[in-house]
Amino acid sequence: MQLWLLNLVYLLACILPLSAALPRRGLPDDAFVWPPATRHQQLFSSEPEEDGSEIAFFTIAVGGERVKQRLDFLLSQLNTTTLCKNGCVMHVIFYSEAIAFSTQLWRNYMYGQIRVQMYHLPDMPEKHARRVQTVGDHLWCSKSCLLYLIRPYLHLILPSVPKVISLDLDLLIVQPERLKQLWYLFNDFRDEEILALTHEMQPTYIFHVFQRYRKALNYSTLIGLSAVQKEGGFPGFNGGVQLLHLERMRASLLYNNVIDIAGLSALRTKYLASDAPFQFGDQDLYSLIGAEYPQLFRVLPCGWNLQLCRGMFLRYKNFHHNCRETATIIHNNCAYQGSQPT
């Protein structure tokens, strides 16, 4: 299917009144009044009612004034799947108090069969907030990308949740009946695999993060290249759809050492990326780690995250955007941020 047609399909789906089809039912026991900050802290620090069998999702509520519309659109898609017929939980982290006021994102609620659990970023426990902020400063991460650095540390922030599927808000699930298969992919993880993502479908990492490293090796490295371009190529990862096995992330000594400041500093030095700003947050981090420790990652088939962004195609487009699989999830990843892959 042509990319322009996929864009049209996504646009039409977004304007359909799917989010109005289901009422939002408040949960009196979970509702709280904005502020006080202490109630936010209590919510963030408490353990969700997780029995190990609940299907769990995670998303980050960003997108300006349209954030509520985008969140409800994602929830409306998930609510129609057989995966959530017996109930799901969606963990949502949001930042802006102004957005929360205008969109009523300050309380937990039910959306059909989905229990929506809200977390206010500034009220995250201090030890986690300090760590994420320190890593963000170390990676020269802008304020807009700092929120996305939550995901590599989600195993620490949600200590009682065993695994989640992380989804961006700019997704269209075109085959919702197949989403159950995505959850079952956790069962296929090899011993050391703790995360699963699709490859980046633009030449982002030819020009970004690894640019100096590629130049130093006279462009002989496979990093930044797609597998179609050259066998064994590693184009980096895209963060739109992620399978995060949080139990394994907590148990992996290698992973937790790597995401510490000392581990990240060593990798940035090796790949000549000490001065490179990590403007795409978690996916830059995953791509850096994946270049050195590919055994930690399972590569999802491209149909699980078919990216529409073409802002960096140039002469590499036929190599990187070469997905020949039927799309299950379409990622409209340039609609809200210009040409940035997210």
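Residues numbered from 1 in each chain as written. Predicted model: local features only at pLDDT ≥ 70, side-chain atom pairs only at ≥ 80, totals over all residues. Heavy atoms only, no water.

## Considerations on the sheet that holds strand β11 (residues 306-307)
Across the sheet, which stays open at both edges, the three strands sit in the order β7-β12-β11 with mixed pairing between neighbours. Each edge of the open sheet carries a strand with a single partner, namely β7 (171-173) and β11. The pairing of β7 with strand β12 (residues 329-331) spans three bridges and is antiparallel. Bridged to I173 within β12 is I329. (Pairing = 2+ DSSP bridges. Helix = DSSP H or I, 4+ residues; strand = E, 2+ residues; numbered from the N terminus.)

## Some thoughts on unusual backbone geometry
For N218, which is not glycine, the phi torsion reads 55° and is therefore positive. Relative to the elements of secondary structure, N218 occurs in the loop between α10 (211-216) and β9 (237-244). Positive phi outside glycine occurs at L272, with the angle close to 55°. Of note, L272 is situated in the loop between α13 (261-270) and α14 (282-292). With a relative accessible area of 31%, L272 lands in the partly exposed category. (Buried < 20%, exposed > 50% of the residue type's maximum accessible area, 1.4 Å probe, protein only.)

## Quick word on the nonpolar core
Judged by nonpolar contacts, the single largest core of 54 residues is most densely connected at I150, L154, L195, Y255 and I289. It is α14 that contributes the most residues to this core, five residues altogether. Once residues within four sequence positions are removed from consideration, I150 is found in contact with F58, I93, L121, M124, V132 and I157. Residues L182, F186, V241 and W304 belong to the second largest nonpolar core, which totals 36 residues. (Core = buried A, V, L, I, M, F, W, Y, C linked by side-chain atoms within 4.5 Å. Contact = heavy atoms within 4.5 Å.)

## Details of the state of the cysteines
Summed over all chains, the structure comprises three disulfides. Shown here is the disulfide that connects C141 with C145, its sulfur atoms set 1.6 Å apart. A relative accessible area of 13% means that C141 is categorised as buried. According to the relative accessible area criterion, C145 is buried, its value standing at 2%. The disulfide partner of C302 is C323, and the gap between their sulfur atoms is 2.1 Å. The sign of the S-S torsion, about 80°, decides the handedness of the disulfide formed by C302 and C323: right-handed. Of this pair, C302 sits in the loop between β10 (297-299) and β11 while C323 sits in the loop between α15 (317-320) and β12, placing them 21 residues apart in sequence. (Disulfide = S-S within 2.5 Å.)

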